[in-house]
Amino acid sequence: MMGKVTLRNLAAHKIRLVLTAVAVILGVAFVAGTLIFTDSMNKQFDDLFSRVGTNVAVDVRAKKVVEGDDDGMAVQPVPATVLKALQGVEGVKDPKGNVSGYAAVVGKDGKIVGTAQNGPPQIGTNWTTGGSYDLKSGRAPQGPGEVVIDAKTAEKGKLAVGDTTRVVTAGPPARMRIVGLADTGNLMGATLTAFDTPTAQRLMLKPGYFTDIEMGSTGVSQAELRDRVARVLPSGTEAVTGEKLREETKSDIATMMNFFRIFLLVFALISIFVGSFIIFNTFSMLVAQRTRELALLRAIGAARGQVTRAVIGEAVAVGVVGSTLGLAAGAGLASLLQTQMGDAGQGGLTFTKTPVIWAYTVGIVVTVVSAYFPARRAAKIPPVAAMRDDVALPQRSLRIRVALGSLLTLAGAGLIGAGLAGNGGSPVALVGVGAFTVFIGVAMLAPVISVPAVKVLGAPFARLMGSPGRLARQNALRNPRRTAATAAALMIGLALITTVNVLGATMRASVDAQVDAQFGADYLVQAEGAGGIGGEVAGKIGSTPGVTSATPTYAGGAKIDGKKASYMSGDVAVIAEAAKLKVTSGGTRIGDAGFMVNEDTAKDRGWKLGAVVPVQFTDGRTERLTLTGVFAKSNLIGDTIISQPAYLRHTVKPSVDAIVVDAAPSAATKTALESTLKDYPNLKVSDQASLKADARKQVDGFVTFLTILLAMSVIIAAVGVVNTLALSVIERTREIGLLRAIGISRRQLRRMIRVESIVIAVFGAVLGMGIGVAFGAALQNALADQGLGVLAIPYGTLVVYLVVAAVIGVLAALWPAWRAGRMDVLKAISTE
């Protein structure tokens, strides 16, 4: 019988439950979309790597002394003599030396084809017979002036076989003729440029060296062949099976995708968290409006458990419908994310059981949990209450809620304080946990906070609008729990958005301060891609009119006293002047075998001036260097500077990281520098102003990206305001009829509902932005040692958000206000 009651209730309250389902749909869509998107990208990567190295049984490469090429640490090459030695090993089939590095093609428009910075790689390689790719048209390169590019790059750059184009590498740009187009399948946005082997070695490595050497097997197992190959290898090289090589590559991609998945799921969980407030609030109001109905069920014999199960049954139905629609919306969201990935997202969507399981689990569990407490309270109504006209759900005291909320808020504040004081653990982690705890505490205290806040926020409306304004304020004050639950959803979204914007403004201000304090060069020349700068560039810049000197700097990695470290190298005196380096002890004359570190590193490692420290470079050799100087912390330099001769002794092909230019700062000089580098489209000339502008652009992009992700929670919160107002209108049907009967006009009635909505939305916004500013300041304090030394609050942006919150209130009230205005007065008055 109760099953029929549940179905009839669902049919009778379709509009109310649809509003609840919207919150479920939006939250589930984010979770499902994230999982579908990352599964699809993983499938594309698997397909990509399934065709790379399929015939490789063993690969020979240099031993990686310092892990992490992302730190600019060069992988040492393998001498060509090893290839000759491998040809005599039993079981080795067709050994081939590979050359790989950075190479990009300039299109007809004079720009590099592909994304130069923070995008898919621009791959340069040597073309080998039987390699991973096939020719789509043309032939293989056969000389220093010939090149093969992938077909998609040719299409983007409007290039064809027979065209002559510029090819950019870490050396001088070369004009080459395109002799073939490669069919690479879906390289996910990467570009491929292939040369013959001698040309590839000259441009990207060094004659007589390979990046690695791969080989097949004549029937010997990979493990056995690896062991045979290892016996003839020189020190500093290693042999790995093809299976291990492919697994390493896949593992790196899987790690990246898992991070991206977790990153997106955090925002999905935020949306679910906000949605749970809405669902709880909606079911509380639905149950409250049906109190008499549920009490009558108890009066005619329904047990408490049956009443609870009836309400839970409605929640399950809403959860199933919301999860189903959310899963479909998630597929659309995943498709949208793929379109934002450009060429990297053209492989179509991949559907697995994981998104389906999580979509229904999250949607149903959140809905049922949110509905359980209102259902349990409804079941406790005594059957005799059905005989009363004023039956209503009992209102619990706020004492326990206030006590618990105060305790959580104080505990969260204590964790934030501990993080800022550096008392154990990671400061940022402590601040984050403290912030979450404060969120929960403030949400619990919101009913108490809402009373004085709504009185203040509603006062101007009461004065300016008369009766509609006063009634709106009283309506918002009538049920503090409901007002607080509605505002809390908006509070969470805007608190997080405000935190992100405070951190963004802080990052911009901190970078500006660092550039002002630490950038002393007139100009800096850097590569926008991953290829570095050719050794000849400094000489060309040095001969530019107006330029006094051009000094190359280098970056590398090593194990210093057994620990991984990245370092800078070059003319130390020039580096010190360009970075306004403050030397606290020793000096910048470090000789052929010296190094410098910052004060924190020297203190942590217990080094004093004159300390002799073993340094293992990427070529595997170890050299003992002497500490000759200590400098104050510099975000531009990093922790360590190593002498240029020491760097050059352990690098096969030095790659210039940046060029420090001393010149007369003027528009004419910068124009002359850009003219000198016109054949190097991957190089950029920066002065102090442009460095700041570039940093701001990156920060703005990151802040915008996070704000868009967090906007989903604000949309869900806006749906919550619509929900509350719509259900409130239904709940107050008789009251609205009486107001109309005593003379309030439709316009005044709609104005009253709009003002109520605005007050609730602005209350949530003010509370959220206040918390967001506090959290942003706390995080800035915790990260002050990491470069965020200047706190900046974007007041203009916060004012815009406050206006947006008011607009959300107006928009959220449109339908409920329209519905209220169309009520028949007599029918409304006669409503029970």
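Everything quoted here is computed from the prediction, not taken from an experiment.

### Some remarks on the overall build of the chain
For the chain, the count of helices and strands is 24 helices and 24 strands. Residues counted as buried form 50% of the 832 residues belonging to the chain.

### Focus on unusual backbone geometry
The phi angle at Asp561 is positive, at roughly 55 degrees, despite the residue not being glycine. We note that Lys580 has phi near 50 degrees; this positive angle belongs to a residue other than glycine. Here Lys580 is to be found in the loop between α16 (572–578) and β18 (583–586). When its relative accessible area of 43% is taken as the criterion, Lys580 is described as partly exposed.

### Quick word on the nonpolar core
In this structure, Met491, Ile753 and Ile771 are the most contacted members of the largest nonpolar core, which totals 104 residues. Beyond its immediate chain neighbours, meaning those up to four positions away, Ile771 contacts Phe439, Val442, Met491 and Ala495. Counting residues in each nonpolar core, the second largest holds 35 residues, with Tyr554, Ala558, Trp607 and Val613 among its members.

### A look at the environment of Leu798
Within the secondary structure, Leu798 is located in helix α23 (residues 795–821). Taking C-alpha positions, Leu798 is 9.8 Å from Ile497, a pair spaced 301 residues apart along the chain. Beyond its immediate sequence surroundings of up to four residues, Leu798 is in contact with Thr498, Met769, Val773 and Ile793.

### Details of the packing of helix α14 (residues 480–518) against helix α22 (residues 746–782)
Contact pair α14 / α22: the axes reach a minimum separation of 6 Å and the direction vectors enclose 35 degrees. In the crossing of α14 with α22, the sense of the turn from one axis to the other is right-handed. Of the residues assigned to the contact of α14 with α22, the class counts are 18 nonpolar, ten polar and no charged.

### A few points about the side chain of Thr211
Here Thr211 lies in the loop between β12 (209–210) and β13 (212–217). Ignoring anything within four residues of it in the chain, the contact list for Thr211 reads Val78, Asn98, Val99, Ser100 and Leu205.

### Overview of the pairing of strand β7 (residues 134–138)
Taken across its five residues, β7 has zero buried, putting it largely on the surface. Here β7 runs beside strand β10 (residues 174–183); their pairing, made up of four bridges, is antiparallel. Paired with Leu135 across the two strands is Ala182, which belongs to β10.

### Examining the sheet that holds β13
Strand order in this open sheet of four strands is β3-β13-β1-β14, and the pairing throughout is antiparallel. The sheet is open, and its two borders are formed by β3 (92–98) and β14 (237–241), each paired with just one other strand. Sheet twist, expressed as the average angle between the axes of neighbouring strands with direction ignored, equals 20 degrees. The pairing of strand β1 (residues 58–62) with β14 spans five bridges and is antiparallel. By the bridge assignment, Val60 is partnered in β14 with Ala239. Packing of helix α6 (residues 222–230) onto the sheet brings it into contact with β1, β3, β13 and β14, and relative to β14 it is tilted by some 170 degrees.

### Describing the pattern of salt bridges
Overall, the coordinates contain 15 salt bridges when judged by the stated rule. Linking Arg226 and Asp227 is a salt bridge whose minimum nitrogen-to-oxygen distance equals 3.3 Å. Its relative accessible area of 29% is what places Arg226 among the partly exposed residues. On the accessibility criterion, Asp227 (34% relative accessible area) is partly exposed. Several salt bridges converge on common partners, so that one network encompasses Arg139, Glu146 and Arg177.

### Focus: α14
Helix length check: α14, at 39 residues, gives a terminal C-alpha distance of 53 Å against a target of 57 Å (1.5 Å per residue), a fit within 8%. The axis of α14 is deflected most strongly, by about 25 degrees, at Ala488. With 30 of 39 residues buried, α14 is to be regarded as a mostly interior element.

### Digging into the packing of α22 against α23
Viewed as axis vectors pointing N to C, α22 and α23 meet at an angle of 150 degrees, and their least axial separation amounts to 7 Å. Between α22 and α23, the angle is such that the two are roughly antiparallel. Every pair of crossing elements has a handedness; the one defined by α22 and α23 is right-handed. Tallied by class, the residues present in the contact of α22 with α23 amount to 21 nonpolar, three polar and three charged.

### Quick word on the confidence of the model for the chain
The predicted model of the chain averages 83 in pLDDT, with 89% of residues at 70 or higher. Looking across the chain, the model is least confident in helix α1 (residues 2–12), with a mean pLDDT of 57, and most confident in α6, with 95. Contacts of residues 68–74 to residues separated by more than four positions or lying in other chains number 15 contacts, the stretch itself having pLDDT below 50.

### Things to note about a negative patch on the surface
Taken together, the side chains of Glu599, Asp600, Asp604, Asp639 and Asp785 define an acidic patch exposed on the protein surface. Turning to its location among the elements, Asp604 is positioned in helix α17 (residues 599–605).

### Focus: the packing of aromatic side chains
For the structure on display, the rule yields five aromatic pairs. Ring geometry for Phe439 against Phe775: centres 5.4 Å apart, planes inclined by 80 degrees, an arrangement best described as edge-to-face. In this pair, Phe439 sits in helix α12 (residues 427–465) while Phe775 sits in helix α22, placing the two residues 336 residues apart along the sequence. Of the two residues, Phe439 and Phe775, neither departs from the other in class, the shared state being buried. Within the aromatic cluster, the residues linked to one another by ring pairs are Tyr554, Tyr567, Phe617 and Tyr647.

### Some remarks on the side chain of Asn98
Examined against the element boundaries, Asn98 turns out to sit in strand β3. Excluding its chain neighbours within four sequence positions, the residues that come into contact with Asn98 are Asn126, Phe210, Thr211, Asp212 and Glu214.

Cut-offs used in this document
- Residues numbered from 1 in each chain as written.
- Predicted model: local features only at pLDDT ≥ 70, side-chain atom pairs only at ≥ 80, totals over all residues.
- Heavy atoms only, no water.
- Helix = DSSP H or I, 4+ residues; strand = E, 2+ residues; numbered from the N terminus.
- Buried < 20%, exposed > 50% of the residue type's maximum accessible area, 1.4 Å probe, protein only.
- Core = buried A, V, L, I, M, F, W, Y, C linked by side-chain atoms within 4.5 Å.
- Contact = heavy atoms within 4.5 Å.
- Axes fitted to C-alpha atoms, helices over the stretch in contact; angles between N-to-C directions.
- Left-handed = near helix turned anticlockwise from the far one by under 90°.
- Nonpolar A, V, L, I, M, F, W, Y, C, P; charged D, E, K, R; others polar.
- Pairing = 2+ DSSP bridges.
- Salt bridge = Lys/Arg side-chain N within 4 Å of Asp/Glu carboxyl O.
- Expected span 1.5 Å × (residues − 1).
- Bend = angle between axes of the 7 residues up to and from the residue.
- Parallel < 35°, antiparallel > 145°, perpendicular 65-115°, else oblique.
- pLDDT = per-residue confidence, 0-100.
- Patch = residues over 30% accessible without salt bridge, like charges linked within 9 Å, V, L, I, M, F, W, Y side chains within 5 Å.
- Areas by Shrake-Rupley, 256 points an atom, 1.4 Å probe, with all protein chains shown as cover.
- Lys, Arg positive; Asp, Glu negative; His and termini not counted.
- Charge placed at Lys NZ, Arg CZ, Asp CG, Glu CD.
- Phe/Tyr/Trp six-rings, centres within 6.5 Å; stacked < 30°, edge-to-face > 60°.

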